Amino acid sequence: MRKKIILVLLVPLVILVLLGCTSQVKNPTVVNELPRIYPDYIGVTVPAEIAPLNFNAVDGEADALDVVVRGSKGGELHVQGDYADFDIDDWHALTTQNKGGELKFTVCIRKDGQWTQYKDFAVSISPYPLDEWGLTYRRIAPGYEVFSHMGLYQRDLSTFDEYAIIENTQVPGMCVNCHSAHQTDPSNFVFHVRGDHGATMFQMDGKREWLKASNERLGGSMVYPYWHPSGKYCAFSTNQTRQGFHKVANERIEVFDLSSDVFVYNPATHEILTDSLLQTKDWSENSPVFSPDGRTLYYMTCLQQDYPSHYKDEKYNLCKIAFDPATGQFGEQVDTIFNAVSMGKSLTWPRPSYNGKYILFTLMDYGYFSIWHEESDQWLLNLETGEAQELKEANSAKADSYHNWNLNSHWIVFTSRRDDGLYSRLYLASIDDQGRCSKPFMLPQRNPQEYYSESIYSFNTPDFTKTKVDFDAYQAGREITSDQRTETKVQ
């Protein structure tokens, strides 16, 4: 009997608490200006599958936000609190209902007890699906010599859940980088380990092996991997990389290669396939990628300079050479398909779209390590017409760099320092059938202001992943420190 009385008394209390969670927006001051929100999601285009676009008021003295979201095809959400925090299931129900339409946001901000209603803004829900489960990327503190806490991570794009793939806390002094999945499918996955226990890791259909970090005949290690569409090969470059430091403002570090060459690796035979056209004495070949049909190898090339004194003369063009998947043989001719040097520029990080229409690349004044170049911008080369255009909608005044495509070739992910000029964040944008780019949006977080203000890490080398990467980090750590390595042989 006593328990029943307690329950009866608690019910009114719960109702009072719930009613107190929100307050009515009474007699707001209406202004004809857009709200200042973080991140800036005003006018962006997003996939229906994306996590909620939670945001904060830029005004740090704001007491509360009240946000109403209405779909052009129906549906409505209403949230109120310290920041706009949408329920994940409710958000996805609304975006799914309004796929191909738009969401209209009405934002009211309370300050000193007075509400202000701002001009409505819209977010378009793209008709193009985001078929991938999530993203993979590296998070690293912006240091130069010491690898502090860093690793490879993966993020569910429909929620805010992040998972570590492998972290360097497992092996002291280890740096992990240069990871790649086979056309966003992580059943074939590769990454490189630097440090005292260096290696190149291949995981194929659940079986894992560690290659010797460097091959003496190559003169270096296996970096910047890219899978052949068949999964039979993986292209790499081998680089003698150095770095120097600037004394001038707005320039911190420059990365350059004393030499670099391109080759293709066959995991089944452990053979390294080389060609004299890809390993020249006077030129640096770098960052190879396969065409979607697997019959062309694209890469960037630069005339070797006297480094570090002539580092500003390090400028790369985009080239291609034929490749025969049946025999593993290369063609007899190299063609330049984009001449950045003639523009006084340098090209880096070529990435073909999986539909075969485009190559996305970064253009900068010199060099190829674009994360340190504020002038680096995203460009798109049309392979049918041979014309290249700057993706002005995607670019900013700060470094816009590393990028990759999703499998249906309608979404790109890239890094940018536009947020604060110091840290690289992840942004996504849509590419339509005419090659037009939408306004990029920052990777959503549960509480964006709190997350990004407290983070001391930069994001880089992002890629889409079809499924969650299945990787036993504990066992991998033991394998790394064992120093048991598979030898490679140069054909």
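About the criteria used
- Residues numbered from 1 in each chain as written.
- Predicted model: local features only at pLDDT ≥ 70, side-chain atom pairs only at ≥ 80, totals over all residues.
- Heavy atoms only, no water.
- Pairing = 2+ DSSP bridges.
- Helix = DSSP H or I, 4+ residues; strand = E, 2+ residues; numbered from the N terminus.
- Axes fitted to C-alpha atoms, helices over the stretch in contact; angles between N-to-C directions.
- Contact = heavy atoms within 4.5 Å.
- Buried < 20%, exposed > 50% of the residue type's maximum accessible area, 1.4 Å probe, protein only.
- Arc of directions from axis to C-beta.
- Polar contact = N/O pair within 3.5 Å; in protein donor to acceptor, adjacent residues only side chain to side chain.
- Salt bridge = Lys/Arg side-chain N within 4 Å of Asp/Glu carboxyl O.
- pLDDT = per-residue confidence, 0-100.

Quick notes on the sheet that holds strand β16 (residues 207-212)
Taken together, 4 strands build an open sheet; the order of strands is β13-β14-β15-β16 and the sheet is antiparallel. Each edge of the sheet is formed by a strand with only one pairing partner; in this case those strands are β13 (175-182) and β16. On average, adjacent strands in this sheet sit at an angle of 20 degrees to one another, irrespective of strand direction. When β13 meets strand β14 (residues 185-194), the two strands line up antiparallel, connected through 6 bridges. By the bridge assignment, N177 is partnered in β14 with H192. Against the sheet, helix α4 (residues 473-482) engages β14 and β16, with an angle of about 25 degrees to β16.

Overview of α4
Among all positions of α4, only A473, A476, G477, E479 and I480 are buried. Buried residues of α4, viewed axially, fall in a sector of 165 degrees; they line one side. Sitting at the amino-terminal end of α4 is D472, which places a side-chain oxygen 3.3 Å from the backbone nitrogen of Y474. Where α4 terminates, the next one or two residues include D483, which has phi positive at roughly 60 degrees.

Some points on the pairing of β13
Here β13 lies mainly inside the structure; 8 of its 8 residues are buried. Between β13 and β14, which pair antiparallel one after the other, the connecting turn spans 2 residues, and Q183 there sits at a positive phi close to 50 degrees.

Let's talk about the pattern of salt bridges
According to the stated counting rule, one finds 14 salt bridges in the structure shown. The partner of R139 in a salt bridge is E162, with the nearest N and O atoms 3.0 Å apart. Taken together, the residues R139 in strand β10 (residues 134-140) and E162 in strand β12 (residues 162-167) connect sequence positions 23 residues apart. Two residues, D419 and R425, come together in a salt bridge whose shortest N-O distance is 3.4 Å.

Brief notes about the environment of P28
As for its position among the elements, P28 is in the loop between α1 (2-19) and β1 (29-30). In this structure the C-alpha to C-alpha distance between P28 and I109, which are 81 residues apart in sequence, comes to 9.1 Å. Aside from chain neighbours lying at most four places away, what touches P28 is Q114, W115 and Q117.

Regarding unusual backbone geometry
Most peptide bonds take the trans configuration, and most residues that are not glycine carry a negative phi. With an omega of -5 degrees, the peptide bond between Y38 and P39 qualifies as cis. With phi around 55 degrees, D112 is a residue other than glycine that occupies positive phi space. Structurally, D112 can be placed in the loop between β7 (102-111) and β8 (114-117). According to the relative accessible area criterion, D112 is exposed, its value standing at 70%.

A word on helix α2 (residues 88-97)
Listed as buried for α2 are I88, W91, H92, L94 and T95. Along the long axis of α2, the arc covered by the buried residues comes to 160 degrees, so they all point the same way. What points out from α2, more than 90 degrees from its buried face, is the exposed set D89 and T96. With a side-chain oxygen lying 3.1 Å from the backbone nitrogen of D89, the N-terminal cap of α2 falls on D87.

What about the confidence of the model for the protein chain?
Detailed reading of the predicted model is not advised wherever pLDDT is low. The pLDDT averaged across the protein chain works out to 89; a share of 88% of its residues lies at or above 70. In this model, residues 1-21 is a region of pLDDT below 50 whose contacts with residues beyond four sequence positions or in other chains number 1 contact.

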